[in-house]
Amino acid sequence: MKYRVIQRVNPRDPKGSKKKYANPVNAGKLTLSDFAKEIAGRSSLTRGDIENVLINFLDELPTFLKIGMSVQLGSFGTLRLNLSSEGVDEDKEFTATHIKGVKVIFTPGAEFKEVLKSITYEEEK
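Q: Any chance you could explain the packing of aromatic side chains here in plain terms?
A: Centre distance and the angle of the planes are the two values used to describe a pair of aromatic rings. Across all of its chains, the model carries 3 aromatic pairs by this definition. With centroids separated by 4.8 Å and ring planes inclined at 35°, the aromatic side chains of Phe76 and Phe106 adopt a geometry described as tilted. Of this pair, Phe76 sits in the loop between strand 3 (71-72) and strand 4 (77-85) while Phe106 sits in strand 5 (residues 99-108), and the two are 30 residues apart along the sequence. For Phe106, a relative accessible area of 31% translates into the label partly exposed.

Q: What is the right way to read the sheet that holds strand 5 from this model?
A: Taken together, the 3 strands give an open sheet; going across it, the order is 3-4-5, and neighbouring strands pair in antiparallel fashion. Of all the strands in the sheet, the pair left with one neighbour each is strand 3 and strand 5. Sheet topology note: the strand 4/strand 5 ladder contains 9 bridges and is antiparallel. Along strand 5, the bridge assignment pairs Leu81 with Val104.

What counts, and where the lines are drawn
The numbers attached to residues start from 1 for each chain and follow its sequence in the written order. A pLDDT threshold of at least 70 governs which residues receive local features in this predicted model, and a stricter bar of 80 or more applies before side-chain atom pairs are shown or counted, although totals over entire chains, interfaces and linings include all residues. Side-chain descriptors were evaluated using all non-hydrogen atoms of the structure, hydrogens and water having been removed beforehand. A pair of Phe, Tyr and Trp rings is counted when the ring centres sit within 6.5 Å of each other, with Trp represented by its six-membered ring. The angle between the planes then sorts it: under 30 degrees is stacked, over 60 is edge-to-face, the rest tilted. The helix count covers DSSP runs of H or I at least four residues long, the strand count covers runs of E at least two residues long, and both are numbered beginning at the N terminus. Buried, partly exposed and exposed residues are distinguished by accessible area as a fraction of the type maximum, computed with a 1.4 Å probe on protein chains only: under 20%, between the cut-offs, and over 50%, respectively. Pairing between strands is defined by DSSP: at least two bridges between them are needed.

Right, here's the structure in full:
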């Protein structure tokens, strides 16, 4: 994986001095169709079959996350939703209007974490 060294403020110390940090270099974008084509090259299914499954997966994923389920994707990891909200002093004061946002949390599985440990790093010149 290539990286660049950039200067920025430490988000944990916004008033501190700027320091140099590694920043990943984006090597491009892989589309769903490209991804399906790569998988098709490793299986007996066609690119269209795989793309269909991936599209249906992506269509259904939000349905399960919205009802509060964690979606476990084998050794890849688990997806779940997390909320951010304003705080209140008493339970009875809290309403849904205090919820300010939702984000997807991805927790990688043990096998996927191991694969990530094998990444080698190279500074982009």
